[in-house]
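Reading the structure
If you want the building blocks of each chain, they are given just below.
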Amino acid sequence: MVAESVDEGNNVEAPGSMEEKQEVNGVKEDTSELAEKESSTSVELELQSPGFSVRVIPISGESFDLQVNPTELVQELHQVLMDKEETCQFTCFSLHFNGQHLDNFAEVKSFKEMKQGSTIRVHEEPYTLREARVHVRHVRDLIWPQEKQETYTGERGCSVSVLDSILEESGRLLKTAVETPSGTQATSPKLNSKNGASFEQHAAAVENELSKLAAEFAPGHFNVGNQPLLPMIPPEFQSQISIVCLSEMSMSHWNPAPNPRRLKGDLLYMKIKTLEGLDVGVTACTRGFYLNKMTDAVFDPTPSDDPNMSLTLVELLSRISPAFKKNFALAQKKRVNRNVLTRVPTSVQHWSWIVPSSQHLADDFRAEDSWLYRLGYEEHILGQTRDWNEEIQSIREMPAKTKGERLTKERAMYKTYSDFLSAAVRGAVSVVDGNMMPINPGEQRKTHMYIYNNIFFSLGFDVKDHYAEFGGDAAAYTACNHDLKGVRVISEADVEGLYTLGTAVVDYRGYRVACQTIMPGVLDKEQEESVVHGSIDFGKKIVSHEAYGPKLEKIAQELKCRPHMMCGEDSEKEHLVHVSTECKGIIGNDGRHYLLDLLRLFPPDVNFLPDLEDEQQLDASVREKGFPRKHPHKLPQLRQELVEAFVDSRYLAFISHATSMVLKQKNSEKSIQTGTDKPIEFAPKEAELTENLSMPEEALSKIEKKLSEDVSNGVEANNNINTSSKDPHTSLVDFVKDFEAGSDATSESNSKVLNENQKQIVKLSGEVAGSLSEDKFDISFNLDAFSPKISSRIPESSRKRLEAERQVIKDACKFLLQFMIPSFLKDCIQDISNVPLDSTQLTEALHSRGINMRYLSHIVSLCESQSAKHDVDVPNEDSIIASLNLLARVATLEMICRSAKHVFKRFMQSVDAHCLSDAVALFLNCFLGAHKEPRLQTIADEEESSRSLFKSGGSTNALFGPFKKNKNKKKSNRNVSGGPAATTGTSASSTSPNNSSHSPLSSESPSSPFAATWMQLSPHQLWRQIKNDLREYFCYDLKADSIEEVALNFGMIHCSLLRTFCPKVGVQLKLKNYNFLSTIEATFHSSDVLNLYPVIKHALPKAKEGMKMLNKGQHFIQQGLLRPGCELITESLHFLNHVYGPIHSEIALCLKLLAHLNYILGDPVEAISHQHKAIMMYERCVGYDSVHTTSEYLRLSLYCFCNEQPNSSLYLLFRARYLSCVALGEDHPEMATFDTNIGLVLHAMQKFELALSYLHNALVVNERHCGKMSLKTALSHHLKACVASCQGDFRSALQYEKEAFNIYKSELGEENEKTRESSELLKHLTSQAVALQRKINEFSAKSAASASFANAALPALFITQPTHKGVLEMLNVINGFFFFHLKKEHECEDTERSEETQTKTASLESRKSEKDSTLNGVTSRADVLHMNGHHSLSSNGATIDTHNNQQWNSSKEESSLREDNVSGVDCNVVAEPLD
């Protein structure tokens, strides 16, 4: 049984929470447990059950219908009634059905007689003290809305979402489209007006507004001199005014009720001031609320002149205050009309890095909460604290045999872990702020440990020189992150009987705090006594326990770890180590087997271990690239993605070589059967080994080709070898045995010959792949192979294998350098849209390929070296150089911000609590400002106040106590020159911030004895520290000494650096336009720093069942089965919603896929509905300015335009373009996509001049990044020609279309359809131009001949204007949607039959002949899912969505021809693509 918190505040849900859970995503969230379910089908039916309607008769007012779900709890219905506008004022009531009281914890389905149309009555209940407090708090939440302030400050799961404000500003409420019945076109309120305004008339009505907006976001408007940040949050979002119902409402100081009054039923007393200025006292009793005669000086709880009792507080206040009655009704209407996704709290708090400043309003209940939150007085904590460890481990022991049990387990684990994470973050912030007492106050301050709410907190410092040999504090700082990754991996493996602690890492104010649940008994004895398996001193002393062996063996198989024998320094006893010796096994007092210190679960990265012995040196090809390189710590690890990719590549090489050798054996079967020949001798050629190990990118392509040829020739293994499974421990012996069974060999001697050949095949194939075993494929990693002094800690029998095990790790590191990084660069070159737009996208792209961020400098050097080469034979050389330069800029920006984060961390550790905003402002000025001496006036004021406050000459630090004055100036100058002294100190005292003389940022002693070290920071010192950190961490020499040189040399803009830096360090700034170029005044002031928030790293569990269903649905879509795929994704949405709750990024992924499919299947209204929800979730979960949100704005704009909402579409496009400019500026290929979309929408609205300006910028960007002869450039020319022709400028249109024709002719040939279309358009434009010129000449001749024509107007020339359908088709092409006509031919029974039918479909030429019949038959639309501009072509020909890492079928070259890939279950392709 999972323990529940008894804190009263935790049991009161926010207003609207339950109704929101029912409405979100169109799914009623099932909050009941699904235990004891034996059928997965029944679980799905319950989750998707539509429910039934019941009649509810409230305490007062009219009855109403309520939709209920059989799996809901009665308590949930209780919460729904508390949220409804009609019954929100009631909180203390019970529900009755057929005269029977409904138990709050019973499910609706348990009442057998309850069905459609049943009646539920609401009965009032007497108040208790708890119920009275709940009622008062509920009323306060209803009438005292603080959503804006909580949204900005990031409280109670609130975060910023601006989508609705954007749509409202565009004059188009999305709710109108969402509520439109399916199959009908939604129109805006303006379009529904009585005058019947048409589409074109509506566009003309907003001409002035659009012109102003288009000019504000025009190309070239956003530059180094103009970097506006105010549009980050629309003014409409900021200007929403809350409705005030009362002037004051607070608890009376006469509380609690004295004993005589308690005997009369008094519960609590309140003091209320109405808007009319009336001060009244209110008594809450067991029967309700009434006015008393109390004043601040007189205690008289007797009823006042108005003795009437009110059942609710709202009823009482409505009776005495007309203003309250009016405003309360308005407030509830506003609350109900708010989008439900803006009210539901997120499971993980997200803070925005820049928000408007909000007014701090008086709130007595908030003040009461702050006093009740007794974090500094642990012995007086209200209620009972939760045992997080017992909850988490109990959930892990829950059964998971059926789908229902797995869903219940996943839901409980996610909810408990989310609660733990929230408590851990609060505790970590309090630790750094100094609000928590340590459990070891007598030790050094950096070694302090804390316990709060059954969570253990420790700081990320090397407290006992435990990591002295690995980098000191830098290693300890990194070890926290590695341990968290290990916890995540072990938890996902879910090995029965193996437990890990709940773990989170919080970075706040420059400190890293590790948060862990408390294992039973771990604090009762020393660590040396607790550990029963592993080592506590990096292998010097090793112990083992038999119970851990089988469990760790499963972990080793999962993580590709190689079990190995180890012995301690002082003992010759051998121990079998499955993973790493640092992994410690401890048996808790609860009898569970825990695994701790999981910081080394992946192979070490030897490319960053320069202190290798001679026999461990890297290959010459790796050393030529400048490796190994120095690093601040000696704990670099390879990523799990790289390990899997490396093993897969070696497995493919193993299979290919074995297959080729089996072919040779098959050819010699006849001679083997006769028994006259000797066994065939196979020997791998040295060139073949070199090819597979040194040139993996070429070897893999050859292997794939050869393997496909072998399979086509019928030499595929029967069923025992499956290359798609990629099991690293699969043996080929069974494969050869199957081959042997199919031969005619019958004699025993011949069988022996075959067995010898089989073994030889496996052995030689293993040599080619680098296998560590001779009888099977075995690529695994000895995690201790490069541990210090390992040679003296391994037995003699294992030393021979050590070199081979080390070679495997070195090969993996070599694979990273020679294949993974070049393939990433190749992808960026081949498709310029793959170049990341910001640091987040860069990090995701590199991590998905297994590339660590410490390789950024190597990536930049490769880009620079390739850009320096000029090869005239390379086509589009300029575009390739532009791509590489852009990638190098993004990588350099990320390196600068990461190094600035390292410096900021050390800088903040020396800042007093009362100087935080001043210090942050000073750091930002030195980092991004142009002022040479950014000494803020607030710092001068602070220095003056410090003289009077600290007359002793020292300053204080909230965490580490007083800082002593520097008495050794010479020593200070010696220790502040670089980052290494601060990050890799040899002892705790040498790196402790307790002494200001050791501050890593002070280059000289303070100018006065009262000045803090941080106040001496200057731009020159800061950039020197950043350059030193770049050399130390990335081995990169930055060729710039200031922000001005960075902007000039690398083309970076200040706001991009600010946007990247602030979320990394948890700085929240005031929303305003900052003048980064001002040399007169400082850019940032202390008032601009609104908050410092924690940066959270967590290991929240995943909804495996939901993601499994989602992947299955995507697989169906890849096969062209759109409707079945849509159904599966809808089911996954139910599962994810059941586990995660209403809001989660993975739910947003499901919703955007559903929107995509709805649009493809011809339902733009439903697509808008799903996409709207997806964007709001992305805004709240990952940020309103993230690249994920930006890309989804583009999709929603397309759906809105398809639904004839051009105004909304244009606003969304402007928003997406602006956010991209803030992220990296206007010089990114994605800007061409935004500008082309904007130009086409403006073209449809007949704003031709504005459209041409955006299309021209798209042309410039495409020429720069794609080449002047690329097809994208040709399309830009063509679009400009179309707009110019509609404008009547046929001369310019001809010029643009000629450029497009020349490109098509050169790249595609004269017979290509695009070339012919361009030629036809040229003829049409020529005829139009000739006709226009002829009319002009005729008019001129007549004007010259007759004076009556002198003032006559030129005859009008008919010009075809853009149509909505034509522009929409072009928008689909621009955004990667290619639609085909589909004809219904027959129903496919299942997926396999559908795939077989597709393979037998007639050729494209035969289908063209059926085009006419198709148009007359049943048609629908499908998409080949080639997302041009949003997907990148991978090396295997599949397209990969860079925003969500989901693979889609088809490739660029096949996207226009492979119609059979898009046929659904009920239709097959019978026609060519639409023009």
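All of the points below concern the structure found in this document. What you see is a predicted model; the values in this text were computed from it and never measured.

Quick word on the overall build of the protein
Secondary structure assignment for the protein yields 54 helices and 31 strands. Expressed as a percentage of its 1475 residues, the buried residues of the protein come to 56%. Contacts in the protein between residues at least 24 apart in sequence constitute 72% of all its contacts with a sequence separation of at least 6.

Regarding the sheet that holds strand β16 (residues 531-535)
Whenever strands of a sheet pair, they do so through backbone hydrogen bonds, lying parallel or antiparallel. The strand order β13-β21-β20-β16-β17 describes an open sheet built from 5 strands, whose pairing is mixed. The open sheet is flanked by β13 (498-499) and β17 (542-543), the only strands paired with a single partner. Bridge count between β13 and strand β21 (residues 593-596): 2 bridges; the pairing is parallel. Looking at β21, one finds that Leu 498 is bridged to His 593.

Focus: the pairing of strand β12 (residues 455-459)
Taking burial as the measure, the 5 residues of β12 include 4 buried ones, the bulk of the element. Bridge analysis of strand β11 (residues 449-452) against β12 gives 4 bridges, and the strand direction is antiparallel. In the strand pairing of β12, Met 449 is matched with Ser 458. In textbook terms, the turn of a hairpin is the stretch between consecutive antiparallel strands, and for β11 and β12 this stretch comprises 2 residues, one of which, Asn 453, has a positive phi near 55°. Here 5 bridges tie β12 to strand β15 (residues 511-517), and the two strands are oriented antiparallel to one another. Counterpart to Leu 459 in the pairing with β15 is Val 513.

What to know about the packing of aromatic side chains
All chains considered together, the criterion is met by 33 aromatic pairs. When the centroid spacing of 5.5 Å and the interplanar angle of 20° are considered together, the rings of Phe 324 and Phe 328 count as stacked. Here Phe 324 pairs with Phe 328, and both are found in helix α14 (residues 322-337), just 4 residues apart, close to one helical turn. For Phe 328, a relative accessible area of 10% puts it in the buried group. Consider the rings of Tyr 1074 and Phe 1076, whose centres lie 6.4 Å apart with planes at 50°: the pair is tilted. Three or more aromatic residues link up through ring pairs in this structure, and these residues are Phe 904, Phe 907, Phe 923, Phe 927, Trp 1023 and Phe 1061.

Observations concerning the sheet that holds strand β9 (residues 288-292)
Across the sheet, which stays open at both edges, the 4 strands sit in the order β6-β7-β8-β9 with antiparallel pairing between neighbours. Single-partner strands in this sheet number two, and they are β6 (248-251) and β9. Strand after strand, the sheet turns through a mean of 30° between neighbouring axes, direction not considered. Where strand β8 (residues 279-285) meets β9, 5 bridges bridge the pair, whose relative direction is antiparallel. Note that in β9 the partner of Cys 285 across the bridge is Gly 288. Across the sheet, helix α5 (residues 129-143) is in contact with β6, β7 (266-273), β8 and β9; its angle to β7 comes to roughly 20°.

Points about the side chain of Ser 535
Mapped onto the elements, Ser 535 comes out in strand β16. Apart from residues lying up to four places away in sequence, Ser 535 is in contact with Lys 540, Lys 541, Ile 542, Thr 581, Glu 582, Cys 583 and Lys 584.

Quick word on the environment of Glu 276
Mapped onto the secondary structure, Glu 276 falls in the loop between β7 and β8. What makes Glu 276 partly exposed here is its relative accessible area of 44%. The spatial distance from the C-alpha of Glu 276 to the C-alpha of Ile 320 is 9.8 Å, given a sequence separation of 44 residues. When residues no more than four places from it in sequence are discounted, the contact partners of Glu 276 are Ser 321, Pro 322 and Ala 323. Of the polar contacts made by the side chain of Glu 276, one reaches the backbone nitrogen of Ala 323; its length is 3.1 Å.

Parameters at a glance
- Residues numbered from 1 in each chain as written.
- Predicted model: local features only at pLDDT ≥ 70, side-chain atom pairs only at ≥ 80, totals over all residues.
- Heavy atoms only, no water.
- Helix = DSSP H or I, 4+ residues; strand = E, 2+ residues; numbered from the N terminus.
- Buried < 20%, exposed > 50% of the residue type's maximum accessible area, 1.4 Å probe, protein only.
- Contact = heavy atoms within 4.5 Å.
- Pairing = 2+ DSSP bridges.
- Phe/Tyr/Trp six-rings, centres within 6.5 Å; stacked < 30°, edge-to-face > 60°.
- Axes fitted to C-alpha atoms, helices over the stretch in contact; angles between N-to-C directions.
- Polar contact = N/O pair within 3.5 Å; in protein donor to acceptor, adjacent residues only side chain to side chain.

Purely geometric numbers; function is a separate question.
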